[in-house]
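Now for the letters of each chain:
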Amino acid sequence: MSRKIVAGNWKMNMDVEEARSLYNDLNDVEYPKDVKVILSPPAIYLSEFALKNNNVFIASQNVSSCSNGAYTGEISASMLESINVRYCLVGHSERRQHFKEDNELLAEKVKQLLTKNITPIYCCGESLEERESAKEKEVILNQLNKGLFFISKEQISKVVIAYEPIWAIGTGVTASSDQAQEMHGFIRQVLQDNYNQDIAENISILYGGSCKPDNATEIFSKPDVDGGLIGGAALDANSFKKIIHSF
Ligand code: PGA
């Protein structure tokens, strides 16, 4: 099975008309058969898109760490399942940073999603300060160990991992393709150490952080980079389509 994925994280952007128009532009197209295309709109638009007959997959940007009940404002994994959402971002650096989500909470979110057969797209990444003090691998390992590696072999094989250096997100500064490959190779190695080679070879590891049409081909050409989690460039249909055709 192909590991290639291009996922668009729309973050907190667009009113309903803009979102519909972007969705329609991206859903009405034929994509290369070996590339999975995922769109992650704001929660309020999820049911409208996910309940359609989709050419693309729909991901939530967030899920509650609780299963149901008196948790005002939260959206549960079973609600996502009930509207056919098959993917969900977990641990994006913006949620870690602005909403104080730590690895323990993220582990609960991963558990909730897996009970409903929703694929977590588990994000990890180091800050500029951590990279400058050569701690990037230690940070990634800690995020993976605490938030993800408690799950079984069967469960991990359903997960997607996104490596997103915080210093590259929305900044216009991208990791070089060699930096990306080094970190992706490291993540694949720790997957092998914690699980096995077969699992490590089959998991999709996406790069995120200022990935654009003009750098995607170079980044995606690296052996352990299986595609991208795209922010800014996913808000423009033409840019996003170009990235999808960058393998
Ligand atoms: P960016 O965002 O492409 O705008 O840097 C990536 C992300 O946050 O997933």
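It should be emphasised that the depicted structure is a prediction, and the values quoted were computed from it without experimental measurement.

K.L.:
Even after reading the chapter, I still don't get the nonpolar core, so can you show me in this structure?
P.N.:
A general tendency of soluble globular proteins is for nonpolar side chains to be buried together. Counting residues in each nonpolar core, the largest one holds 66 residues, and the members touching the most others are Leu144, Leu148, Ile161 and Leu191. With 6 residues, helix α9 (residues 177–194) is the single largest residue contributor to this core. Those residues in contact with Leu144 that lie beyond four places of it in its chain are Tyr122, Cys124, Phe149, Ile161, Ile187 and Val190. Residues Ile5, Ala59, Leu206 and Leu229 belong to the second largest nonpolar core, which totals 12 residues.

K.L.:
Where do I start with the sheet that holds strand β5 (residues 119–124) in this structure?
P.N.:
Sheet strands pair via backbone hydrogen bonds, and the direction of the pair is either parallel or antiparallel. The strand order β1-β2-β3-β4-β5-β6-β7-β8 describes a closed barrel built from 8 strands, whose pairing is parallel. Adjacent strand axes in the sheet meet at a mean angle of 25°, parallel and antiparallel pairs treated alike. In the sheet, strand β3 (residues 57–60) pairs with strand β4 (residues 87–90) via 2 bridges, with the strands oriented parallel. Pairing of Ser60 across the sheet is with Cys88, part of β4. Its contacts with the sheet place helix α7 (residues 136–147) against β5 and β6 (160–163), and it is angled at close to 150° to β5.

K.L.:
What exactly am I supposed to notice about the site of the ligand here?
P.N.:
The local shell around the ligand holds 13 residues, among which Lys11, His92, Glu164, Gly170 and Ser210 are the closest. Between the ligand and His92, the relevant distance is 2.7 Å, taken from an oxygen atom to a side-chain nitrogen or oxygen of the residue. In the model, an oxygen atom of the ligand is placed 2.9 Å from a nitrogen or oxygen of the Gly231 main chain. Isolated, the ligand exposes 280 Å² of accessible area, and the fraction of that covered by the protein chains is 97%. Across the shell around the ligand, the residue classes tally to 4 nonpolar, 7 polar and 2 charged.

K.L.:
What exactly am I supposed to notice about the pairing of β3 here?
P.N.:
Pairing of strand β2 (residues 36–40) with β3, which is carried by 2 bridges, proceeds in the parallel orientation. Opposite Leu39, over in β3, you have Ile58 as the bridge partner. In this fold, the crossover linking β3 to β4 by way of helix α3 (residues 77–82) has right-handed handedness.

K.L.:
Sorry, what's going on with the packing of helix α11 (residues 213–220) against helix α12 (residues 237–244) here?
P.N.:
If you want to describe how two helices pack, look at the angle between their axes and the distance between the axes. Contact geometry for α11 and α12: axes closest at 9 Å, N-to-C directions at 20°. As far as their axial angle goes, α12 and α11 are roughly parallel. For the crossing formed where α11 meets α12, the hand is right-handed. Only Ser239, Lys242 and Ile243 of α12 make contact with α11, whose side of the interface consists of Pro213, Ala216 and Phe220. Looking at the contact of α11 with α12, its residues break down into 4 nonpolar, 1 polar and 1 charged.

K.L.:
Could you clarify how one ought to interpret the side chain of Glu101 in this entry?
P.N.:
Mapping Glu101 onto the fold places it in the loop between α4 (93–98) and α5 (103–115). When its relative accessible area of 7% is taken as the criterion, Glu101 is described as buried. Separated by 2.9 Å, the side chains of Glu101 and Lys109 make a polar contact.

K.L.:
What is the right way to look at the pairing of strand β7 (residues 205–208) in this model?
P.N.:
For a regular strand, the rule is simple: side chains alternate between the two faces of the sheet. Burial along β7 is two-sided: Ile205 and Tyr207 facing one way and Leu206 and Gly208 facing the other are all buried. Strand direction decides the pairing type here: β6 and β7, joined by 3 bridges, are parallel. Across the sheet, Ile161 pairs through a bridge with Ile205, a residue of β7. Alignment of β7 against strand β8 (residues 227–230), held across 2 bridges, turns out to be parallel. Following the sheet pairing, Gly208 is matched in β8 by Leu229.

K.L.:
It is not clear to me how the environment of Tyr195 should be interpreted in this structure. Could you clarify?
P.N.:
Of note, Tyr195 is situated in the loop between α9 and α10 (197–202). Taking C-alpha positions, Tyr195 is 25 Å from Asp178, a pair spaced 17 residues apart along the chain. Those residues in contact with Tyr195 that sit more than four places away from it in its chain are Leu148, Phe149, Phe150, Ile151, Ser152, Lys153 and Ile156. A distance of 3.2 Å separates a polar side-chain atom of Tyr195 from the backbone oxygen of Phe149.

Parameters and conventions
- Residues numbered from 1 in each chain as written.
- Predicted model: local features only at pLDDT ≥ 70, side-chain atom pairs only at ≥ 80, totals over all residues.
- Heavy atoms only, no water.
- Core = buried A, V, L, I, M, F, W, Y, C linked by side-chain atoms within 4.5 Å.
- Buried < 20%, exposed > 50% of the residue type's maximum accessible area, 1.4 Å probe, protein only.
- Helix = DSSP H or I, 4+ residues; strand = E, 2+ residues; numbered from the N terminus.
- Contact = heavy atoms within 4.5 Å.
- Pairing = 2+ DSSP bridges.
- Axes fitted to C-alpha atoms, helices over the stretch in contact; angles between N-to-C directions.
- Near = heavy atom within 4 Å.
- Polar contact = N/O pair within 3.5 Å; in protein donor to acceptor, adjacent residues only side chain to side chain.
- Areas by Shrake-Rupley, 256 points an atom, 1.4 Å probe, with all protein chains shown as cover.
- Nonpolar A, V, L, I, M, F, W, Y, C, P; charged D, E, K, R; others polar.
- Right-handed = clockwise from strand over helix to strand, strands pointing away.
- Parallel < 35°, antiparallel > 145°, perpendicular 65-115°, else oblique.
- Left-handed = near helix turned anticlockwise from the far one by under 90°.

Structural measurements only, silent on function.
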